Amino acid sequence: MADSGKLLVRPETHVALFPSAGMGHLIPFLRLAALLVRHCRVTLITTHPTVSLAESNLISRFFSAFPQVSQVSFDLLPLDPSTVNSTDPFWIQFEAIRRSAVHLLSPLLSSLSSPPLSVLVYYVFLISSVIPVVESLRLPNYILFVSTARMFSFFAYLPTISTASSAGFVSAFGDALEIPGISPVPRSSIPPLLLVPDSLFAHMFFTDSAMLNKVDGVLINTFKELEPEALNALNNRKQSEQGFPPVFAVGPFERLEFEEVDQCHAVSKWLDKQPEESVVYVSFGSRTAQSRDQLRELGEGLVKCGYRFLWVVKDKIVDKDEEEGVEMVVGEELMEKMKEKGLVVKHWVDQEKILSHKAVGGFVSHSGANSVMEAVIYGVRILAWPNNGDQRINADVVEESGAGIWVRSWGWGGDGDHYEVVKRDEIAEKVRELMESQSLKVKIGRVQEEAKKAAQVGGVRDRAFMELIEMWKMKNL
Ligand code: UDP
Ligand code: UDP
């Protein structure tokens, strides 16, 4: 408190954002930065090097568009990949960031002194590296959870199961996990690597969820009408359990102009020529590669469904590794067949530009959390086809909210034990259902209306931000 007689000068609120690897994480952090910079000072911590080209490109476009946001470089310490139990480059990067943060984060945050830092907002799998640092700096810390509130309920529930390890977790429940307040999570929807006791994913999940009560708050890109049950349940838990962090539904996040990419001109031109709501858009996000067998079956299914389609093929997890052209990957014969009604590309597209195009009527999606929210914003109904990680849990959100449908019998993607190629006839049938169902159209329209309301000026999203920023300001006094 200022001495009486002295003028109280509130230092400016200064937020540092610390995302992790991959576009699905970077994009929501950048959109959050853009929302926050209207009200406070923002510093973005950027990891070098990035895994994908898409990330480094987007970061430079972001800083050109938002010169008022400060950039601080977080230069990764070398990591021996043989010490990491994963082959996925993004997960190896997560681990590299976790390990580097133990050494580098404290001096980096201490150097952000003008004005002094008010709060750190960071990625969930950094909790165990970040907590000792923010505790010693006495800095409030918040998570931006880059998935759904339902997935967060699942994550936050793990420490309450009587086992602290994934080995015990596997046997701790039967066919489904009953989490108070939300529909049960069947064993078949649990991220596969969580059931593999020594996986890096399981290690992060258990270590970090156990420290959740040291987090001051959690931001999620969602809104009440999309996930009423999960948000209520989380709120109830906060009321009844000391130390459980408050959850702020700060969505929907919207695409910003700097995200536009030139590569998409041909796509836009093609869409301009298609009739209204006639096209099904097919994409599995930024880091889900499908097997060649599945890709070909999917292509045949799209031809069979009879609808026009725009398909973004992904053959490799990381964009830099994509070497072969689309003809090579799906085969020339199939490519020829697809030309009649489809446009097939194999590069980064401007997804929101596509979803907002009037020609697009349906979306076959892996149900990554960002993709789900983007489809909701533009009122494009979803056929969720979860391939990995949180995606089956998100697919429940798609169905329960009315944003679309999913087929539970379609297994996980990839090449693990549970992998089974989904056949063309089934794909064609479900795509037809997606495009033809009137009730789906009505339901997604309702969800879209709610998203618009949440995002309007003075709506719940703005109010959630004002509440957060006020809280951060108070901590500054
Ligand atoms: N995205 C895009 N163009 C692409 C692929 C993905 O703009 O070609 C964007 C998409 O709009 C979303 C993000 O990348 O904002 C992917 O996040 P999501 O949570 O859907 O899935 P992830 O890629 O993390 O699996
Ligand atoms: N993953 C992996 N190796 C690991 C841990 C995870 O390959 O040791 C992959 C997993 O196969 C899936 C993704 O990470 O592709 C699961 O991540 P999830 O979607 O749950 O997390 P998110 O990226 O949405 O935070």
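Residues numbered from 1 in each chain as written. Chains lettered and ligands numbered in written order. Predicted model: local features only at pLDDT ≥ 70, side-chain atom pairs only at ≥ 80, totals over all residues. Heavy atoms only, no water.

**Q** I'd like a description of the confidence of the model for the protein chain, backed by residues and values.
**A** The share of residues in the protein chain with pLDDT of 70 or more is 95%, and the mean pLDDT across the chain is 92. Every residue in residues 1-7 scores below 50 in pLDDT, and together they form two contacts with partners more than four places removed in sequence or on other chains. For this predicted complex, the interface confidence score (ipTM) comes to 0.84, while the overall pTM stands at 0.92. (pLDDT = per-residue confidence, 0-100. Contact = heavy atoms within 4.5 Å.)

**Q** Let's hear about the pattern of salt bridges: which residues, and what values?
**A** Under the criterion given, the structure shown has 28 salt bridges. Where arginine 98 meets aspartate 208, a salt bridge forms, and the shortest distance between an N and an O atom there is 2.5 Å. Here arginine 98, found in helix H3 (residues 89-110), pairs with aspartate 208, found in helix H7 (residues 200-209); they are 110 residues apart in sequence, far enough to count as distant. In this pair, the class of arginine 98 matches that of aspartate 208, namely buried. Between arginine 461 and glutamate 254 there is a salt bridge whose closest N-O contact spans 2.8 Å. One end of the pair, arginine 461, is in helix H18 (residues 460-476); the other, glutamate 254, is in the loop between strand E9 (247-249) and helix H9 (265-272), and 207 residues separate them in sequence. (Salt bridge = Lys/Arg side-chain N within 4 Å of Asp/Glu carboxyl O. Helix = DSSP H or I, 4+ residues; strand = E, 2+ residues; numbered from the N terminus. Buried < 20%, exposed > 50% of the residue type's maximum accessible area, 1.4 Å probe, protein only.)

**Q** I'd like a description of the environment of leucine 334, backed by residues and values.
**A** You can see leucine 334 is positioned in helix H12 (residues 332-339). Looking at leucine 334, the relative accessible area reads 5%, which means it is buried. The spatial distance from the C-alpha of leucine 334 to the C-alpha of lysine 269 is 23 Å, given a sequence separation of 65 residues.

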